[in-house]
Amino acid sequence: METKQCEEITEMVCLESDLLDGQMKEVEVDQHKILLVRTKGEFAAVGGLCTHYGAPLIKGALLGERVRCPFHGACFNTKTGDIEEFPGLDSLPTYKVKVEGGKVYVTADKKKLKKRVKKMCGRVPGVSHTVVLIGGGPASLQCAETLRQNDYEGRIIMVTKDEQLPLDKTKLSKVMNIEIEKVLLRQSDFLQQHGIEVWTKKEVKSVDTEAKTLTFKDGTVQHYDQLLISTGGRARPLQCPGAELKNVKLLQSYKDATEINHMSAGNKAVIVGTSFIGMEVAAYLSDKAASVTVIGSSKFPFQSSLGPDIGKMTMQMLEEKNVKFCTSNGVAEIRGENGKVKEVVLKNGEVLPADIVIVGIGVIPNSDFLKRTSVEIDSRNAVVVDKFMKTNIPDVFAAGDVVSFPLPLVGHKRVNIGHWQLAQAHGRIAGLSMLNQLVAINTVPYFWTMLLGKGIRYAGYGEGYTDIVFKGSTKERKFLAFYIKDEEVVAAASMNFDPAVASLAEMLLMGKRITKTQAQSDDLSWLQLP
């Protein structure tokens, strides 16, 4: 006789005395990795892996009822499992916890998944209200999902000039041969199920904010009731003779990544730019191209953002993989043959043979289509928004890399920052604002880079820092760097020092003041590291 298989399984995972208040422990029930947390005497259990890219949350930072992922900074409420800070779209599953006779029991559902999608509604026929989201990045997608999570039943149209559905572009410079399915943020059936229309290969030519219409480059017109401008930025082109040659490439799309990967294999690659795109592409191509040479205007990579010591270390890491550097230099001219790149002439007169040139020298906010509107644009082409992601025009909102927004961390000074996590945070706030749920933006910038399997994390806003205090050593490739301005810690970067940056991000978010003296101290107990 067959017995009906039980859908739930309960196991004793630890003793009550094993966890003190403010501590967490990774436990396993029926092969589910579960994070057990004790806060204010109460136990709670949530999924143990970050929903972004599966990092073990036990290695993260626990402050109050929030755990922050050590890798990329996503935050989850340990009671509800809800995602409260990005990156990532989904929440954690929650598990039942029972304490009996000094023992802690956790119940897992056999069918429970590693991720939990927040409850979302769909479009209701007959509701004519329309929200149009210009741009196919994380800000637009997060805005759309926020609307559906908060019972918006109107029409949502996301418009993108890209060929694909929204994808994780942060992967394109790190794994250039990645399959499209692995970088899609949501599958098409998910978007259809929740009534999120995505129009690909569609570019907006102009906006009429009085008539509330968009005109596309193909001549079609679309009405909106509310509009989100989340058009991101475009790669800054090289300004020199020969920049228009065939094999001079910018990395902006999935197609660009595929082409660069294919064109570089076994060939001589020259990369212009020593910031994140340039360095990640150089690291990726180091064992695929016949040769890789990187040209940078500063003495070291990342010099202005991370400082010379970290820059020197990253340079040495790549040099060990036979990547060559031409620093404190620039491109004077690119010479070609039959329309294709043949060599790159540097400003110091040196000539580099080249089959492909990849340019990563910054981005320009995509706001040109707004020139004839009254939407406020700053001197750097960024769309100006307030703390609710509202522009100066009613029913027009903006989010992501295209905006200049007030950052609480620096006294609400307006900044333009191109981080993935920030774009998602903006999208959420914009979605809530559209529904008249006014929540002010309050987030700590968090970004990461991956070079040859080594990750660097960064949190805060370090512009204008005057000093760097190091723990550990860049020579050993295990360090924590505090960026100091006006005798205070304004940002931190680390390698092999988790979860220090995640902890600092939480402290900065809470408005805690961290002094240079604290950073210099050998005692780092204030960072609340495990």
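Calculation notes
Residues numbered from 1 in each chain as written. Predicted model: local features only at pLDDT ≥ 70, side-chain atom pairs only at ≥ 80, totals over all residues. Heavy atoms only, no water. Helix = DSSP H or I, 4+ residues; strand = E, 2+ residues; numbered from the N terminus. Rg over C-alpha atoms; globule rule 2.2 N^0.38 Å. Buried < 20%, exposed > 50% of the residue type's maximum accessible area, 1.4 Å probe, protein only. Contact = heavy atoms within 4.5 Å. Areas by Shrake-Rupley, 256 points an atom, 1.4 Å probe, with all protein chains shown as cover. Lys, Arg positive; Asp, Glu negative; His and termini not counted. Charge placed at Lys NZ, Arg CZ, Asp CG, Glu CD. Pairing = 2+ DSSP bridges. Salt bridge = Lys/Arg side-chain N within 4 Å of Asp/Glu carboxyl O. Axes fitted to C-alpha atoms, helices over the stretch in contact; angles between N-to-C directions. Parallel < 35°, antiparallel > 145°, perpendicular 65-115°, else oblique. Left-handed = near helix turned anticlockwise from the far one by under 90°. Phe/Tyr/Trp six-rings, centres within 6.5 Å; stacked < 30°, edge-to-face > 60°. Lys NZ or Arg CZ within 6 Å of the ring centre and 35° of its normal. Polar contact = N/O pair within 3.5 Å; in protein donor to acceptor, adjacent residues only side chain to side chain. Core = buried A, V, L, I, M, F, W, Y, C linked by side-chain atoms within 4.5 Å.

Participant: Looking at this model, I keep getting lost on the overall build of the protein. Mind explaining?
Facilitator: For the protein, the count of helices and strands is nine helices and 36 strands. For 530 residues, the compact-globule estimate of 2.2 N^0.38 gives 24 Å, and the C-alpha radius of gyration of the protein, at 24 Å, lies within 12% of that figure. Taken along its principal axes, the extent of the C-alpha atoms in the protein is 80 × 60 × 60 Å. When each of the 530 residues of the protein is scored for burial, the buried share is 54%. The contacts of the protein with a sequence gap of at least 6 include a subset with a gap of at least 24, amounting to 59%. Total accessible area on the protein stands at roughly 23,700 Å², and carbon and sulfur atoms take up 46% of it. Computing the positive centroid from 67 side-chain charges and the negative centroid from 62, the protein places the two 2 Å apart.

Participant: I tried to follow the pairing of strand E14 (residues 204-208) on my own but got confused; where do I start?
Facilitator: For a regular strand, side chains alternate in direction, first toward one face of the sheet and then toward the other. Where E14 lies against strand E15 (residues 213-216), four bridges are found, and the strand directions are antiparallel. Its bridge partner being in E15, valine 207 is matched across the sheet by leucine 214. Count of turn residues in the E14/E15 antiparallel hairpin: four residues, of which lysine 212 carries a positive phi of about 60 degrees.

Participant: How should I be thinking about the pattern of salt bridges in this particular structure?
Facilitator: Note on pairing: side chains with opposite charge can pair once their charged atoms come close. With the rule as written, the count across this model stands at 30 salt bridges. A salt bridge links lysine 98 to glutamate 100; the shortest N-O distance between them is 3.9 Å. The class of lysine 98 is partly exposed, set by a relative accessible area of 43%. For glutamate 197, the salt bridge is made with arginine 155, and the minimal N-O distance between the two is 2.6 Å. Here glutamate 197, found in strand E13 (residues 196-199), pairs with arginine 155, found in strand E12 (residues 155-159); they are 42 residues apart in sequence, far enough to count as distant. Take arginine 155: its relative accessible area is 21%, and that puts it in the partly exposed class. Members of the salt-bridge network, linked through shared partners, are Arg66, Arg68, Glu84 and Glu506.

Participant: How should the packing of helix H5 (residues 276-285) against helix H6 (residues 308-319) be read in this particular structure?
Facilitator: Between two packed helices, both the angle of their axes relative to each other and the distance between the axes serve to describe the pair. It is at 10 Å that the axes of H5 and H6 come closest, and there the two elements cross at 25 degrees. In terms of their interaxial angle, H5 and H6 are classed as roughly parallel. Every pair of crossing elements has a handedness; the one defined by H5 and H6 is left-handed. Contacts from Met279, Ala282 and Ala283 of H5 reach H6 at Thr314, Met315 and Leu318.

Participant: In this structure, what is going on with the sheet that holds strand E25 (residues 351-353)? I would like to understand it.
Facilitator: Sheet strands associate in pairs through backbone hydrogen bonding, adopting either a parallel or an antiparallel arrangement. Taken together, three strands build an open sheet; the order of strands is E23-E24-E25 and the sheet is antiparallel. Edge strands, defined here as strands with exactly one partner in the open sheet, are strand E23 (331-337) and E25. Geometrically, the sheet is characterised by an average inter-axis angle of 25 degrees between neighbouring strands, direction not taken into account. Pairing of E23 with strand E24 (residues 340-346) involves six bridges; the strand directions are antiparallel. The residue of E24 that forms the bridge with glutamate 337 is lysine 340.

Participant: Sorry, what's going on with the side chain of serine 367 here?
Facilitator: Residue position: serine 367 is located in the loop between strand E27 (363-365) and strand E28 (383-384). Residue serine 367 is classed as buried on the basis of its relative accessible area of 1%. Non-local contacts of serine 367, meaning those with residues more than four positions away in its chain, are made with Ile377, Asn381, Val383 and Val402.

Participant: Can you walk me through the environment of glycine 427 in this structure?
Facilitator: Structurally, glycine 427 is set in helix H7 (residues 420-434). Each C-alpha atom of the pair glycine 427 and alanine 398 lies 8.2 Å from the other, and the pair is 29 residues apart in sequence. Ignoring any residue separated from it by four or fewer positions in sequence, one finds glycine 427 in contact with Ala139, Gln142, Cys143 and Ala399.

Participant: Looking at this structure, I do not really get helix H8 (residues 500-509). What am I missing?
Facilitator: The periodicity of an α-helix, 3.6 residues per turn, causes residues three or four places apart in sequence to face the same way. Most of H8 sits out of view: nine of its 10 residues are buried. Taken together, the buried positions of H8 are occupied by Ala500, Val501, Ala502, Ser503, Leu504, Ala505, Glu506, Met507 and Leu508. Positioned one or two residues after H8, glycine 511 has a phi angle of 80 degrees, which is positive.

Participant: Mind showing me how you'd approach the packing of aromatic side chains here?
Facilitator: When we look at a pair of aromatic rings, we describe it by the centre distance and by the angle of the planes. Here the structure, examined in full by the defined rule, presents eight aromatic pairs. Between phenylalanine 276 and phenylalanine 302 the ring centres are 4.8 Å apart and the planes differ by 45 degrees, which places this aromatic pair in the tilted class. Residue phenylalanine 276 is found in helix H5, and its partner phenylalanine 302 is found in the loop between strand E21 (291-295) and H6; the two are separated by 26 residues along the sequence. Centre to centre, the rings of tyrosine 458 and tyrosine 483 are 5.8 Å apart; their planes meet at 50 degrees, and the pair counts as tilted. Here the residue tyrosine 458 occupies a position in strand E33 (residues 454-460), and tyrosine 483 occupies one in strand E35 (residues 478-485), the gap between them amounting to 25 residues. Each member of the pair, tyrosine 458 as well as tyrosine 483, carries the same accessibility label: buried. Members of the aromatic cluster, connected to one another through ring pairs, are Phe276, Phe302, Phe447, Tyr458, Tyr465 and Tyr483. In this arrangement the basic side chain of arginine 186 is found over the ring face of phenylalanine 190, its NZ or CZ atom lying 4.1 Å from the centre. Its end group placed over the ring of tyrosine 284, lysine 288 keeps NZ or CZ at 4.0 Å from the ring centre.

Participant: I would appreciate a short explanation of the side chain of arginine 186 in the present structure.
Facilitator: Within the secondary structure, arginine 186 sits in the loop between helix H2 (180-183) and helix H3 (188-193). Residue classification places arginine 186 among the buried residues on the basis of a relative accessible area of 9%. Here aspartate 90 takes part through its side chain, which lies 2.7 Å from a polar atom of the side chain of arginine 186. Here glutamate 145 takes part through its side chain, which lies 2.7 Å from a polar atom of the side chain of arginine 186. Apart from residues no more than four positions distant in its own chain, arginine 186 is found in contact with Leu89, Asp90, Val117, Leu141, Glu145, Leu165, Pro166 and Leu191.

Participant: Could you clarify how one ought to interpret the nonpolar core in this entry?
Facilitator: A general trend in soluble globular proteins is that nonpolar side chains are found buried together. With 68 residues, the main nonpolar core has Leu133, Leu214, Leu227, Ile229 and Phe405 as its most contacted residues. Take this core: its biggest share by element is six residues, from H7. The contact partners of leucine 227, leaving out residues within four places of it in the chain, are Val132, Ile134, Val207, Leu214, Asp395, Val396, Phe397 and Met434. Grouped together as the second largest cluster of nonpolar side chains are 44 residues, Leu172, Ala289, Val294 and Ile310 included.

Participant: Even after reading the chapter, I still don't get the environment of phenylalanine 369, so can you show me in this structure?
Facilitator: Within the secondary structure layout, phenylalanine 369 lies in the loop between E27 and E28. Exposure remark for phenylalanine 369: the relative accessible area of 14% places this residue in the buried category. The contacts of phenylalanine 369, once residues within four sequence positions are left out, are Ile134, Val204, Lys205, Ser206, Val207, Ile229 and Thr231.

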